[in-house]
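Residue strings, one per chain:
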Amino acid sequence: EVQLVESGGGLAQPGGSLRLSCVGSGFTFNKHSMNWLRQTPGKGLEWLSYISHAGTDMRYADSVRGRFTISRDDAQNSLYLQMNSLRAEDTGLYYCARDEGFCTGGRCYRWKDLWGQGTLVTVSS
Amino acid sequence: EIVVTQSPATLSVSPGERATLSCRTSQSVDTNLAWYQQKRGQSPRLLVYGASTRATGIPARFSGSGSGTEFTLTINSLLPEDSAVYYCHQYEDCPPYIFGQGTKLEIK
């Protein structure tokens, strides 16, 4: 079965850290760029971070740049999100999502074709 | 940064009828727009990409159209299980990847 499974969510104190994991199965993990997104009642679906299929290009939303770090281990078919300096506004349901798309004219166009079930992060004292 | 606006916020339609959901972007995204369905308690599911191409396994009742800044998701012959929140997502100017705020579709 083609799927993504997240883990690692939980309760963290403001200023604390969490590490999220996402394991892919049923597809060739290293052929796809990957993303972390979150969903909150206040901001809806928010993209957080991207990592290229080769793991050499990482991008971040302004809201998490400098605090969150995305990485991948293709030998383990795994994607990670290291979250430091957590804030109350980081509370939400975190998803990993696979990219599908194409590149042309020096630009790439990617939509999210597979999502995990999500892992809940709560930041509170 | 491109702004994505969906309308209406909530739509209530009877079974068997047609629902029309709109998505507008603040600047042209050509046809680089996707639609997702999120049922209660589930993660988003890709319905349409390239503005009009149905994803694998998506029934023909779902159709996307539009280009530039105006897009529509049409759902024909509504079923009770179509009750969900529907999101559009532009991937022309990325990252950051921007999603609309969603349209909640209620089946009466």
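Rules used in this analysis
- Residues numbered from 1 in each chain as written.
- Chains lettered and ligands numbered in written order.
- Predicted model: local features only at pLDDT ≥ 70, side-chain atom pairs only at ≥ 80, totals over all residues.
- Heavy atoms only, no water.
- Helix = DSSP H or I, 4+ residues; strand = E, 2+ residues; numbered from the N terminus.
- Contact = heavy atoms within 4.5 Å.
- Areas by Shrake-Rupley, 256 points an atom, 1.4 Å probe, with all protein chains shown as cover.
- Lys, Arg positive; Asp, Glu negative; His and termini not counted.
- Charge placed at Lys NZ, Arg CZ, Asp CG, Glu CD.
- Pairing = 2+ DSSP bridges.
- Axes fitted to C-alpha atoms, helices over the stretch in contact; angles between N-to-C directions.
- Salt bridge = Lys/Arg side-chain N within 4 Å of Asp/Glu carboxyl O.
- Buried < 20%, exposed > 50% of the residue type's maximum accessible area, 1.4 Å probe, protein only.
- Buried area = accessible area lost by both parts, 1.4 Å probe.
- Polar contact = N/O pair within 3.5 Å; in protein donor to acceptor, adjacent residues only side chain to side chain.
- Disulfide = S-S within 2.5 Å.

J.: Would you explain the overall build of chain B in this entry?
T.: When its secondary structure is counted, chain B shows 0 helices and 11 strands. Listing each helix as α and each strand as β along chain B from the N terminus yields β-β-β-β-β-β-β-β-β-β-β. Based on the C-alpha atoms only, the size of chain B along its principal axes is roughly 35 × 25 × 25 Å. Across chain B, every contact between residues at least 6 apart in sequence was considered, and the portion connecting residues at least 24 apart equals 58%. Carbon and sulfur atoms make up 44% of the accessible area of chain B, which totals about 4,800 Å². Here chain B holds 9 positive side-chain charges and 9 negative ones, and the gap between their average locations is 10 Å.

J.: I would appreciate a short explanation of the sheet that holds strand 8 (residues 70–75) of chain B in the present structure.
T.: The pairing of strands in a sheet happens through backbone hydrogen bonds and is either parallel or antiparallel. Residue and element names in this part refer to chain B. Spatially, the 4 strands line up as an open sheet ordered 1-3-8-7, and their pairing is antiparallel. The open sheet has two free edges, formed respectively by strand 1 (4–7) and strand 7 (62–67), since each of these has just one partner strand. Across this sheet, the average inter-strand angle for adjacent strands is 15 degrees, counted without regard to direction. When strand 1 meets strand 3 (residues 19–25), the two strands line up antiparallel, connected through 4 bridges.

J.: Hey, could you run me through the pattern of salt bridges in this one?
T.: Pairing between side chains becomes possible if they bear opposite charge and their charged atoms approach one another. Residue and element names in this part refer to chain A. One pass over the full model with this rule turns up 13 salt bridges over all chains. Residue Arg 38 pairs with Glu 46 through a salt bridge whose shortest N-O separation is 2.8 Å. Owing to a relative accessible area of 3%, Arg 38 belongs among the buried residues under this scheme. Salt-bridge contacts for Lys 112 lead to Asp 99; the nearest nitrogen and oxygen are separated by 2.7 Å.

J.: Can you help me understand the interface of chain A and chain B in this one?
T.: Contact residues are listed per partner, giving 19 residues for chain A and 18 residues for chain B. Taking both partners together, chain A and chain B bury about 1,600 Å²; carbon and sulfur atoms supply 63% of that area. A per-residue breakdown of the area chain A buries against chain B is headed by Leu45(A), Trp47(A) and Trp111(A), which together make up 36% of the total. The interface formed by chain A and chain B contains 1 salt bridge. Of the charged contacts, one joins Glu92(B) and Arg107(A) as a salt bridge, the two residues approaching to 3.4 Å between their closest N and O atoms.

J.: Explain the side chain of Arg38(A) here, please?
T.: All names here are of chain A. Tracing the backbone through its elements, the reader meets Arg 38 in strand 4 (residues 34–40). Side chain to side chain, Arg 38 and Asp 90 meet in a polar contact 2.9 Å long. In this structure the side chain of Arg 38 is engaged in a polar contact, spanning 2.9 Å, whose partner is the side chain of Tyr 94. Arg 38 has contacts with Gly 44, Leu 45, Glu 46, Leu 48, Ser 63, Val 64, Phe 68, Glu 89, Asp 90, Leu 93 and Tyr 94, leaving out every residue within four places of it along the chain.

J.: Looking at this structure, how should I read the state of the cysteines?
T.: Two cysteines, two sulfur atoms, one covalent bond between them: this is a disulfide. Going through the model one piece at a time under the given rule, you end up with 3 disulfides over all chains. Sulfur-sulfur distance for the disulfide between Cys103(A) and Cys108(A) comes to 1.9 Å. Across the S-S bond of Cys103(A) and Cys108(A) the torsion is about 100 degrees, and the bridge reads as right-handed. The partner cysteine of Cys23(B) in its disulfide is Cys88(B), sulfur to sulfur 2.1 Å. Across the disulfide from Cys23(B) to Cys88(B), rotation about the S-S bond amounts to roughly 80 degrees, and the bridge is consequently right-handed. Highlighted residues: Cys23(B) in strand 3 and Cys88(B) in strand 9 (residues 84–90), separated in sequence by 65 residues. One exposure class covers both Cys23(B) and Cys88(B), and it is buried. Just so you know, Cys94(B) is unpaired, no disulfide at all, and the nearest cysteine sulfur is the one on Cys108(A), 11 Å from it.

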